[in-house]
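Structure assessment
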Amino acid sequence: MRIFSLLQAGKHATLTSFFSPMYLAFFLPACILFYAVMPKRGKKYALLLESLGFFWLVSGQYIAWLLVSIVSIWGCGLWIGWIQQKRDAAVKAAEKPQRKAIKQKYLGYTRLVLALAALGNLGILLVLKYSGFFVQNVNSVFGLKISVPAYVMPIGISFYTLQAISYLFDVYQGTVKADRNLMRVALFLSFFPQIVEGPICRYNQTADQLWNAGQIRYDNLTLGLQRIGFGLMKKLVVADRLNTFVEGVFDQYWEFQGGVIAIAAVCYTIQLYMDFSGSMDAVTGMAQIFGITMPENFKRPFFSRTISEFWTRWHVTLGTWFKDYIFYPVTMSKPMKKLTGAARKKLGNHFGPLVAGAIALFCVWFCNGVWHGAAWSFIFFGMYHFALILGGSLIAPAVKKLNEKIGFSPEKPFCHLVQVLRTCVLVVIGELFFRAAGLRAGMNMFGRMVTDFRFSSLNAALLEALSIDGADFLIVGVTVLIVFVISLLNEKGICVRGSLQKKPTPVRWAVLYALILYIIIFGAYGVGYVPVDPMYANF
Amino acid sequence: MGKKILSGIVFFLILLVLIAAASYVVLPKNNTREAGMLTPQANGFLGEPENTIDVLFLGNSESYCGFVPLEIWKEQGITSYVCGSSAQKLYQTEQYLRSAFRNQSPKIVILETLAVFVDYGRTEVLPDMAGEWVPLLRYHDRWKSLRAEDWYKPVRYTHVRGDKGYHTFREIEPADTTDYMIPTEEVRRVPSKNIRHIQNMQALCQEHGAQLVLVSVPSTANWNQANHNGIAAVADSLGITYLDLNLMPEEVPIDWETDTKDKGDHMNITGARKVSDFMGQWLAETGLFEDKRSWEAYSQWNVFLQEYLEDKEVDKTDFDK
């Protein structure tokens, strides 16, 4: 116990924020320094030690859950690999007609191990995260009084569990080889910058990079720090500054007119984007310092023309995870293939495949909603996007005909803009339900927006009560404009960071000084501000 | 590589210069809220003429609710200032004391003891300490209210507060005294970092020829015998004088029906007067102070006293509670 208290296990919840002074001023520099002074062979162990140490400092004894996941996927991965080896040997030794039966036999074994390991890991997540919600609903439906469990979740469990399952699937599908090295699997699952909020990496994206991480290079260090700075600007200047307004309106929405609620919903969408993408900038920047390239989680989502496109640009790694491990396995399963074949005959080539696709899409969006949290509002959020995407596919032929009839060409800049704005509006409505304190609150807020779309109560007194003023909105607006211009340039294929690197030193330095001073002066921190936890760390 | 390191050093040196320049701009140029000063009541001592404060009170809300400098002035002619702020932690108290010794030389420094039990985390201290060294971090939010003069005007603290850091509360909410100061051997532990702060403050006082005294203002809601025992043990081990007014009902006759503003949590004006009358008398009895009521240089104190006696609530809107 004495050692536990000395190491302050679980006493550093503030470290979950990449932008807390403790993290930026002490933890990260200490990690970089420790990593830098380690000899090349020891660097991977330094990263692993830092990662497990980070988890220990934040979650204390709950590190046991992470260790269970690490050991279970490592062991079961090897088990699946061993079965596959035996299968290959047996197939090789067998006569051709018997090979199919042998493959089927071994496929059953591998599926059993995969199911065991995946459900085991998922089971931990389900029990810790959803049992309370489940029992609550059972109680209310059947009028029971079962005590509602409230477990403490270790940090990042929703993220690392998906990574764990992806590794098992990849081994099962043969896209990666089962790793004999427990430490490499541990590092893949626990790498400290990404464990809090993702991105949800695949084994073949980061495991080897992490294991073979080399010397810290000057370019990587400066570029990584720049990226962290950009994330810091998004988080501190915009997301945290909007927090009091968003919180004030969402927590007591009944006191506000529909127009004010609509502004709060827009502000929340901006806040969530700036918070989450800012954190991802920090993660990517930190990884870059160690020479590791992380998959991008955001690809300028607010330039999307449809909701489906939006989800290929927003929280990309979660979207691709659901696509690869839920959507495709469901649509490619035998019953679904049969269904598609039958539906195609009856409904034609457009609507036929949509039947199986709709079932798979429903699974994806139900899981997406539930993954975000154990509440009906999150399930509604998932179903809302399911309905929009499916609806979009269903009416696509009719819309195409209509467009041709009225001369609306989606490629024209104006039409493009209309589509982008329409997508933004739909996203904001979804985020309103996502942020609302429950489904009923979301419905009431939406109702107010529709029936009472007025802004007359939005005055200086109201803003003062919400601890925000015109100057705050002005600085938020300026920063959003900066991010927008950079995104627009990126969208046009101009890499702003790359271009900046090529500029003469005085220009580069001037930009960096401006960024640093901008964050220090306009950041929402210090006296009068309450630090805001990273929003996705709660999922 | 050497060139890159040199370039990194130059980059950071220029950055430091820029931060220092920006710090100068945002730094409040006077010790008033209008000028941007945070917790102006606790920083009010900055505006007092040099070496004019005899006694400095430090602590959290118990201090600015319990000690009335003008009452002490009225009765004893001793000057004092309450450098108290809401939920003040001892690391902040130590900062205030260091700051006070730069232009004042109080002979007695009184620390109200409730703050001694308040622990704090490193995460709290870090931004605060950083703000002490880099004013831009503490006052960055002043971008909203910067005036042209902020860019060139020198820092000059000139505002002399009429309340001397005390805040008048007239509300009355009687206290329940059922569990108040029941004798016990139990000793409440003082966080070790706070003992270090007390030691530091004691050393600072010695260095400046002052004496540190610990005082517990009466409070049924916050004080008990275990707290007393904890502070008494610390005071005893460090050789610091300790006065627990909770155990002195005859000298400080608090009526818990009328003398508290919030059910025994803090003193109201009548309770604070009783506390201050006792403290004034105790201070006078130390023989360290001269009665300055008739001194020309201190005539402004009599002006403020008049306002206090007429219940004029000077500086009330400028007070962070």
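Owing to the predicted nature of the structure, the values given are computational and were not obtained by experimental measurement.

On to the overall build of chain B. Within chain B, the regular secondary structure consists of 10 helices and 5 strands. Seen along its three principal axes, the alpha-carbon backbone of chain B occupies a region of about 75 × 45 × 35 Å. In chain B, which comprises 321 residues, the share counted as buried stands at 40%. In chain B, of all internal contacts separated by at least 6 residues, the share reaching a separation of at least 24 is 82%.

As a further point, take the overall build of chain A. From N to C terminus, chain A includes 20 helices and 0 strands. Scaling as 2.2 N^0.38, a compact globule of 539 residues should have a C-alpha radius of gyration of about 24 Å, and chain A matches this with 25 Å. Burial analysis of chain A (539 residues in total) assigns 39% to the buried set. Pairs at least 24 residues apart make up 75% of the contacts formed inside chain A by residues separated by at least 6 positions.

Facing the 18 residues of chain B at the interface are 18 residues of chain A. Those elements that provide at least two residues to the side of chain B that touches chain A are helix 1 (2–26), helix 5 (122–133) and helix 6 (135–139) of chain B. Its residues assigned to classes, the side of chain B that touches chain A shows 10 nonpolar, 3 polar and 5 charged.

The next point concerns the confidence of the model for chain B. Taken over all residues, the pLDDT of chain B has a mean of 92, while the share at 70 or more is 97%. Note on the complex model: pTM 0.86, ipTM 0.82.

Let us now look at the pairing of strand 5 (residues 241–244) of chain B. Pairing geometry for strand 4 (residues 211–216) of chain B and strand 5 of chain B, over 4 bridges, is parallel. Within strand 5 of chain B, the residue paired with B:Val213 across the bridge is B:Thr241.

Moving on to the confidence of the model for chain A. On average, residues of chain A score 91 in pLDDT, and 97% of them reach the 70 mark or higher. Throughout residues 1–7 of chain A the model reports pLDDT below 50, and contacts reaching past four residues in sequence, or to other chains, amount to 2 contacts.

To continue, consider the domain arrangement of chain A. All names here are of chain A. Each assigned domain of chain A is listed with its residue range as follows: domain 1 (2–215), domain 2 (216–302 + 431–539) and domain 3 (306–409). On a C-alpha basis, the centres of domain 1 and domain 2 stand 30 Å from each other. Sorting the residues of the side of domain 1 that touches domain 2 by element identifies helix 2 (21–37) and helix 8 (203–211) as the ones contributing at least two each. Across the side of domain 1 that touches domain 2, the residue classes break down as 14 nonpolar, 11 polar and 1 charged.

Now for the pairing of strand 2 (residues 80–84) of chain B. All names here are of chain B. Taking burial as the measure, the 5 residues of strand 2 include 5 buried ones, the bulk of the element. Burial of strand 2 is two-sided: the residues Ser-80, Val-82 and Gly-84 facing one way and the residues Tyr-81 and Cys-83 facing the other way are all buried. In this structure, strand 1 (residues 55–59) lies alongside strand 2, joined through 5 bridges in parallel fashion. Paired with Gly-59 across the bridge in strand 2 is Gly-84.

The subject of this paragraph is the nonpolar core. Residues and elements named next belong to chain A. Grouped together as the largest cluster of nonpolar side chains are 139 residues, with contacts concentrated most on Ile-73, Leu-168, Val-249, Ile-261 and Ala-264. Examining the composition of this core, we find that 17 residues originate from one element, helix 10 (residues 258–289), more than from any other. Setting aside its immediate chain neighbours within four residues, Ile-261 contacts Val-249, Tyr-253, Phe-256, Met-445, Arg-448 and Met-449.

The subject of this paragraph is the packing of helix 3 (residues 43–59) of chain A against helix 7 (residues 182–190) of chain A. All names here are of chain A. It is the contact of helix 3 with helix 7, at a shortest axis distance of 9 Å, that shows an interaxial angle of 50°. As far as their axial angle goes, helix 7 and helix 3 are oblique. Crossing geometry of helix 3 relative to helix 7 is assigned as left-handed. Residues Lys-44, Leu-47, Leu-48, Ser-51, Leu-52 and Phe-55 of helix 3 form the contact with helix 7, whose participating residues are Met-183, Ala-186, Leu-187 and Ser-190. Here the residues of the contact of helix 3 with helix 7 sort into 7 nonpolar, 2 polar and 1 charged.

Okay, helix 1 of chain B next. With 25 residues, helix 1 of chain B should cover 36 Å at 1.5 Å per step; its first-to-last C-alpha distance of 36 Å lies within 8% of that length. Counting buried positions over the 25 residues of helix 1 of chain B gives 1, only a small fraction of the element.

This part takes up unusual backbone geometry. Glycine aside, the phi torsion of most residues is negative, and most peptide linkages are trans. The peptide bond linking A:Gly198 to A:Pro199 adopts the cis configuration, its omega dihedral lying at 5°. Here the phi dihedral of B:Asn51 falls at roughly 50°; this positive angle occurs in a residue that is not glycine. Mapped onto the elements, B:Asn51 comes out in the loop between helix 1 and strand 1. With a phi angle near 60°, B:Lys263 is a residue other than glycine that sits in the positive phi range. Relative to the helices and strands, B:Lys263 resides in the loop between strand 5 and helix 9 (269–285). B:Lys263 sits in the partly exposed class, given 13 other C-beta atoms within 10 Å.

With that settled, consider helix 9 of chain B. Residue and element names in this part refer to chain B. The end-to-end C-alpha separation of helix 9 is 24 Å, in line with the 24 Å expected for 17 residues at 1.5 Å each. Buried within helix 9 we find Gly-271, Ala-272, Lys-274, Val-275, Ser-276, Met-279, Gly-280 and Leu-283. A positive phi of about 75° marks Gly-287, the residue just after helix 9.

Let us now look at the sheet that holds strand 4 of chain B. Residues and elements named next belong to chain B. Strand order in the open sheet formed by 5 strands is 2-1-3-4-5, and the pairing between neighbours is parallel. The open sheet has two edge strands, strand 2 and strand 5, and neither has a second partner. Sheet twist, expressed as the mean angle between neighbouring strand axes with direction ignored, is 20°. Alignment of strand 3 (residues 108–112) against strand 4, held across 5 bridges, turns out to be parallel. By the bridge assignment for strand 4, Ile-108 is matched with Gln-211.

Turning next to the packing of helix 9 (residues 218–251) of chain A against helix 18 (residues 470–491) of chain A. Residue and element names in this part refer to chain A. Where helix 9 contacts helix 18, the axes come no closer than 10 Å and their chain directions differ by 140°. The angle between helix 9 and helix 18 places the two elements in the oblique class. For the crossing formed where helix 9 meets helix 18, the hand is left-handed. Listed contacts from helix 18 to Met-233, Lys-234, Val-237, Val-238, Arg-241 and Leu-242 of helix 9 are Asp-472, Ile-475, Val-476, Thr-479, Val-480 and Val-483. Here the residues of the contact of helix 9 with helix 18 are counted per class, giving 8 nonpolar, 1 polar and 3 charged.

On to the environment of B:Val82, then. Residue and element names in this part refer to chain B. Within the secondary structure layout, Val-82 lies in strand 2. A residue is classified by how many C-beta atoms lie within 10 Å of it, and Val-82, with 29 of them, is buried. Sequence separation of Val-82 and Ala-20 is 62 residues, and the distance between their C-alpha atoms is 31 Å. Once you skip the residues sitting within four places of it in the chain, Val-82 turns out to touch Phe-57, Ser-63, Tyr-64, Phe-67, Pro-69, Lys-164, Gly-165 and Tyr-166.

Before going further, it helps to spend a moment on the environment of A:Ala342. Examined against the element boundaries, A:Ala342 turns out to sit in helix 13 (residues 334–372). In sequence terms A:Ala342 and A:Pro353 are 11 residues apart; their C-alpha atoms lie 9.3 Å from each other.

What counts and what doesn't
- Residues numbered from 1 in each chain as written.
- Chains lettered and ligands numbered in written order.
- Predicted model: local features only at pLDDT ≥ 70, side-chain atom pairs only at ≥ 80, totals over all residues.
- Helix = DSSP H or I, 4+ residues; strand = E, 2+ residues; numbered from the N terminus.
- Buried ≥ 20, exposed ≤ 12 C-beta atoms within 10 Å, placed from the backbone.
- Contact = placed C-beta atoms within 7 Å.
- Rg over C-alpha atoms; globule rule 2.2 N^0.38 Å.
- Nonpolar A, V, L, I, M, F, W, Y, C, P; charged D, E, K, R; others polar.
- pLDDT = per-residue confidence, 0-100.
- Pairing = 2+ DSSP bridges.
- Domains from an automatic or database assignment.
- Core = buried A, V, L, I, M, F, W, Y, C linked by C-beta atoms within 7 Å.
- Axes fitted to C-alpha atoms, helices over the stretch in contact; angles between N-to-C directions.
- Parallel < 35°, antiparallel > 145°, perpendicular 65-115°, else oblique.
- Left-handed = near helix turned anticlockwise from the far one by under 90°.
- Expected span 1.5 Å × (residues − 1).

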